[in-house]
Amino acid sequence: MLYVGTAVVTRSDGRLALGRLGALCEQLKELNNRGYEVILVTSGAVGLGKQRLRYRRLANSSFSDLQNPQYELDGKACAAVGQSSLMALYDIMFSQLDVTSSQLLVNDGFFRDADFRKQLTDTVHSLLDLRVIPIFNENDAVSTRKAPYELLQDSSGIFWDNDSLAGLLALELKADLLVLLSDVEGLYSGPPSDPKSKLIHTYVKEKHHSKITFGDKSRLGRGGMTAKVNAAVCAAYSGTPVIITSGYTNDNIMRVLQGERIGTVFHKDAHLWTSIKEITAHEMAVAARDSSRRLQNLKSEDRKKILLDVAAAIEKNESEIRIENAADVADAEEAGYERSLISRLTLRPEKIASLVKSVRNLADMVEPIGQILKRTELADKLTLEKISCPLGVLLVIFESRPDALVQIAALAIRSGNGLLLKGGKEAKRSNAVLHKVITSAIPDTVGGKLIGLVTSREAIPDLLKLDDVIDLVIPRGSNSLVSQIKDTTKIPVLGHADGICHVYVDKAANINVAKQIARDAKTDYPAACNAMETLLVHQDLSGNGGLDELIAELKRAGVQLYGGPRASALLKIAETKSFHLEYSSLACTIEIVDDVFAAIDHIHHHGSSHTDCIVTEDSEVAETFLRQVDSAAVFHNASTRFCDGARFGLGAEVGISTSRIHARGPVGVEGLLTNRWVLRGNGQIVDGDRNVTYTHKQLPVVA
């Protein structure tokens, strides 16, 4: 059963919202074709009638009539006029879709009559058997309603509005599901216009009933969200599940039936699905911040011990970690995931050993927090210090790789930051067990809430709104993931959307060196963000055989080649659709350029400022390339695959950044730190600078 509210049926000026109604009818036709039995309860008659009668009165008014204030239109007259227009429109729209609809007008008192209720049920079942869509509406024109709708546990009483009518009919006709369409996404914890209000995905009466603040009712109807919630609670706790969602999105009905988690669900067993004391995204972030401040207050050796304890805990629980990981891998294989993803997902013994080693390496590094970076004497006995400190709370969203959780958690502990982690669903068990093992090693003086594990994808939008608590978002994943996050948050985002990495082979290159670099950059890990996606070749190599050797080397490695305009014409290969293309597979683009300056221009125009390499024996050309290519990492005679935190000696990395503010390139502990200023004085005051002699003398940094 479906209910569509007045705010969905009509526009802000009272006219019918034809586009939304058309999309609604198309979805109902699709459901009808699939064999669903669909019942529609609709509002809108009063609003539509009011709009039409106002127009008619204006058309028939004299000049003197227009000078006098207009009296309020009678609601029952509006309902009588609007009902025929509303149903005529439904009939026309459904007829165009080759669907038959029917009208059933009911009053609040009808349901007191048992014979009526039986006849109503029989009629509706007959219509459904004939594949006819019954359309219900309250007959406001002759309604004798005198009391407001009250929550009932059966369908024996009156109703107050079309929201409650929908709930009543859902029980009476034993509907499998009731969908209430509104002008907002669902039920919020407060008025939807309030930025602090959060969408409630699952309504738990014991949790939410006394904590929700409702906004204004519908601009045209009598109901609003209060009426919808009352109707939803009545129907759900009597056995019919209910979902409140937006009618402004053209495919929400289909999405609900496909199992997508949209809107707010009401169900009598909802209290069994979610904890009544479930921690909110904001509470999780605040807890991580508080724990991080306690972590920063520890002595350096105590923070080091936490990391050593984490490493020991991973070793001790390796068998449990591998059991949970094996279950994730089995599910991924059954689901048909690509081999590259399964490879990233699998925690082999050597990978776990490598993680343990990296955690211990981080523990052994020089203490990064509280380092004096600069000391300046501002004036006599007035000393200013620039000191390293943590950023605060990090939100890291990553895909596929459970080993990333260990690296990121270790980096957060070493840098004194609070951390919220959201991993991919394919590594759900692996992430959960790793999180449990790591947090168990964190002492109570800091608290395991230092590292929070976000298990619901639906929590991400709420987290991305917490710019007052979360200081940095680090997405590690696909282009679409990074781009989406950047577009939906005010929190600074550290990362890269694309990994369009280039290798330029100069005319002065050692061709054997060039072949092995190109092969490694493309084939060592094709799905990595630092893999080569475009090979640029100096034009002279097309005439001396160097280009042919490069192509032969890549083809032997199984690389599929696509050409730019010059290369495709010369080599007779398929032309690439775009130079800005990240294949993430055994494929790459090849193009011929005039010289190093043309290569630099190409990289600036089509690259992503990630990692770019030149292969040449000409040191002057190499320096030109290294100096002018504006990327996070630029290499000379070395594979782009070296752009990695562990290979750079950072211990681990939270990701690679192509931004130009704060950290750039592989981001380790230093990239998770900022600084603050500490001024030590002896009672000095400014007083218009009359008695202050500034020296601005640089002082030696004392550890």
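A quick note: this is a predicted structure, and the numbers were derived from the prediction, not measured. (Residues numbered from 1 in each chain as written. Predicted model: local features only at pLDDT ≥ 70, side-chain atom pairs only at ≥ 80, totals over all residues. Heavy atoms only, no water.)

> I'm lost on the overall build of the chain in this one. Help?
A tally of helices and strands in the chain yields 25 helices and 24 strands. With respect to the three principal axes, the spread of C-alpha positions in the chain is 95 × 80 × 70 Å. A buried classification covers 52% of the 703 residues belonging to the chain. A fraction of 73% describes how many contacts in the chain between residues 6 or more apart in sequence connect residues 24 or more apart. As displayed, the chain has an accessible area near 33,300 Å², and 49% of this comes from carbon and sulfur atoms. Put simply, the chain has 81 plus and 87 minus side-chain charges, and the middle of one group is 4 Å from the middle of the other. (Helix = DSSP H or I, 4+ residues; strand = E, 2+ residues; numbered from the N terminus. Buried < 20%, exposed > 50% of the residue type's maximum accessible area, 1.4 Å probe, protein only. Contact = heavy atoms within 4.5 Å. Areas by Shrake-Rupley, 256 points an atom, 1.4 Å probe, with all protein chains shown as cover. Lys, Arg positive; Asp, Glu negative; His and termini not counted. Charge placed at Lys NZ, Arg CZ, Asp CG, Glu CD.)

> I'm lost on the environment of T10 in this one. Help?
Here T10 lies in the loop between α1 (6–9) and α2 (18–33). Along the primary structure T10 and L21 are separated by 11 residues, whereas in three dimensions their C-alpha atoms are 8.9 Å apart.

> What is the right way to read the layout of surface pockets from this model?
Think of a ball as big as a water molecule: rolled over the atoms, this probe shows where empty space is left. If you add up the space inside the second largest pocket, you get close to 1,400 Å³. Lining of the second largest pocket is provided by 40 residues; of these, R457, E458, I460, P461 and Q484 occupy positions nearest its centre. Elements with a contribution of two residues or more to the lining of the second largest pocket: β7 (242–246), α10 (252–257), β11 (393–398), α18 (428–440), α19 (460–463) and α20 (479–487). The element that contributes the greatest number of residues to the lining of the second largest pocket is α20, accounting for four residues. Partitioned by chemical class, the residues of the lining of the second largest pocket number 13 nonpolar, 14 polar and 13 charged. (1 Å grid on protein atoms, 1.4 Å probe; cavity = no way out; pocket = protein on both sides within 12 Å on 5 of 7 lines; lining within 4 Å. Points joined across faces, edges and corners; volume = space filled by probe spheres on them. Nonpolar A, V, L, I, M, F, W, Y, C, P; charged D, E, K, R; others polar.)

> What am I meant to see in empty space enclosed by the protein here?
Following the criterion strictly, the structure yields one cavity of 30 Å³ or more and no others. If you add up the space inside the largest cavity, you get close to 90 Å³. Residue lining of the largest cavity: 14 residues in total, with R20, L24, Q27, L181 and G247 positioned closest to the centre. At the level of secondary structure, the elements contributing two or more residues to the lining of the largest cavity comprise α1 and α2. Top element by residues in the lining of the largest cavity is α2. It accounts for five residues.

> Can you help me understand the packing of aromatic side chains in this one?
The relation between two aromatic rings is expressed through the spacing of the ring centres and the mutual angle of the planes. Under the counting rule described, the total for this entry stands at four aromatic pairs. R20 extends its terminal NZ or CZ atom over the ring of Y248, reaching a point 4.0 Å from the ring centre. (Phe/Tyr/Trp six-rings, centres within 6.5 Å; stacked < 30°, edge-to-face > 60°. Lys NZ or Arg CZ within 6 Å of the ring centre and 35° of its normal.)

> Looking at this structure, how should I read the confidence of the model for the chain?
If pLDDT is low for a region, its predicted coordinates should not be looked at in detail. Looking at the chain as a whole, the pLDDT averages 86, with 90% of positions reaching at least 70. Model confidence for the chain, summarised as mean pLDDT per element, is weakest for helix α4 (residues 63–67) at 53 and strongest for strand β16 (residues 532–538) at 98. Within the model, the stretch residues 147–158 combines pLDDT values under 50 with 31 contacts to residues more than four positions away or in other chains. In this model, residues 217–223 is a region of pLDDT below 50 whose contacts with residues beyond four sequence positions or in other chains number 25 contacts. (pLDDT = per-residue confidence, 0-100.)

> What exactly am I supposed to notice about the sheet that holds strand β5 (residues 178–182) here?
The strand order β3-β4-β2-β1-β5-β7-β8-β6 describes an open sheet built from eight strands, whose pairing is mixed. In the strand order of this sheet, the two ends are held by β3 (101–106) and β6 (202–203), each with one partner. Sheet topology places strand β2 (residues 40–42) next to strand β4 (residues 133–138); two bridges connect them, and they run parallel. Counterpart to L40 in the pairing with β4 is I135. Strands in contact with helix α6 (residues 114–129) are β3 and β4; relative to β3, the strand with the most contacts, it is inclined by about 170°. (Pairing = 2+ DSSP bridges. Axes fitted to C-alpha atoms, helices over the stretch in contact; angles between N-to-C directions.)

> Got a minute to help me understand the sheet that holds strand β24 (residues 697–699) in this structure?
Within a sheet, each strand pairs with its neighbour through backbone hydrogen bonds, oriented either parallel or antiparallel. Ordered in space as β23-β10-β9-β24, the four strands form an open sheet in which the pairing is antiparallel. The sheet is open, and its two borders are formed by β23 (673–680) and β24, each paired with just one other strand. Going across the sheet, the axis of each strand differs from the next one's by a mean of 30°, ignoring polarity. The sheet contact formed by strand β9 (residues 372–379) and β24 spans three bridges and is antiparallel.

> I keep staring at the environment of N544 and nothing clicks. Help me out?
In this structure, N544 sits in the loop between β16 and α22 (546–556). Sequence-wise, N544 and K507 are 37 residues apart; in three dimensions their C-alpha atoms are separated by 9.7 Å. Among the polar contacts made by the side chain of N544, one reaches the main-chain amide nitrogen of G546 at a distance of 3.0 Å. (Polar contact = N/O pair within 3.5 Å; in protein donor to acceptor, adjacent residues only side chain to side chain.)

> So what exactly am I meant to see when it comes to helix α9 (residues 225–236) here?
For an α-helix, 3.6 residues make a turn, and residues three or four places apart therefore share a direction. Helix length check: α9 (12 residues) gives 16 Å between terminal C-alpha atoms against 16 Å at 1.5 Å per residue, within 8%. Taken across its 12 residues, α9 has 10 buried, putting it largely inside the fold. Residues of α9 that are buried: M225, A227, K228, V229, A231, A232, V233, C234, A235 and A236. (Expected span 1.5 Å × (residues − 1).)

> Would you mind showing me how to read the nonpolar core here?
If you look at soluble globular proteins, the nonpolar side chains tend to sit buried side by side. L419, L421 and I451 are the most contacted members of the largest nonpolar core, which totals 49 residues. Mapped onto this core, the elements with two or more residues apiece are α13 (300–316), α16 (349–364), β11, α17 (402–415), β12 (418–422), α18, β13 (451–453) and β14 (472–476). With near-sequence residues (within four places) excluded, I451 lies in contact with A409, I413, L419, L421, H435, I438, T439 and I442. Listed in part, the 39 residues of the second largest apolar core include L169, L180, V184 and M225. (Core = buried A, V, L, I, M, F, W, Y, C linked by side-chain atoms within 4.5 Å.)

> Where do I start with the packing of helix α24 (residues 596–606) against helix α25 (residues 619–628) in this structure?
Axes are the key here: two packed helices are described by the angle between their axes and the distance separating the axes. Contact geometry for α24 and α25: axes closest at 10 Å, N-to-C directions at 20°. As judged from the angle between their axes, α24 and α25 are roughly parallel. With respect to the hand of their crossing, α24 and α25 are arranged in right-handed fashion. Taking contact as the criterion, the partners of V596, F597, I600, I603 and H604 in α24 are, on α25, V621, T624, F625 and Q628. Residue composition of the contact of α24 with α25, by class: six nonpolar, three polar and no charged. (Parallel < 35°, antiparallel > 145°, perpendicular 65-115°, else oblique. Left-handed = near helix turned anticlockwise from the far one by under 90°.)

> Could you clarify how one ought to interpret helix α21 (residues 511–523) in this entry?
In a regular helix each residue adds 1.5 Å, so 13 residues correspond to 18 Å; α21 covers 18 Å between its end C-alpha atoms and thus fits that length. Those residues of α21 lying buried are I511, A514, K515, I517, A518, A521 and K522. In this fold, the buried residues of α21 make contact with β15 (501–505), β16, α22, β18 (587–593) and β19 (611–615). Between a side-chain oxygen at the N-terminus of α21 and the backbone nitrogen of N512 the separation is 3.0 Å; the capping residue is N510.

> I keep staring at the pairing of β12 and nothing clicks. Help me out?
The two faces of the sheet receive side chains in turn, since in a regular strand these alternate between them. Of all five residues in β12, five are buried, a share of seventy percent or more. Strand direction decides the pairing type here: β11 and β12, joined by five bridges, are parallel. Directly across from V396, in β12, lies its bridge partner L421. A crossover links β11 with its parallel partner β12, the connecting element being α17, and its sense is right-handed. Taken together, β12, α18 and β13 form a β-α-β motif whose crossover is right-handed. (Right-handed = clockwise from strand over helix to strand, strands pointing away.)

> Can you help me understand the pairing of β11 in this one?
For β11, a buried count of six out of six residues is recorded, marking the element as mostly surrounded by other parts of the structure. Of the two faces of β11, the one holding V393, L395 and I397 and the one holding L394, V396 and F398 are both buried throughout.

> Honestly, the side chain of H435 in this entry has me stumped. Any pointers?
Its location among the elements puts H435 in helix α18. When neighbours within four sequence positions are excluded, H435 is seen to be in contact with L405, I451, G452 and L453.

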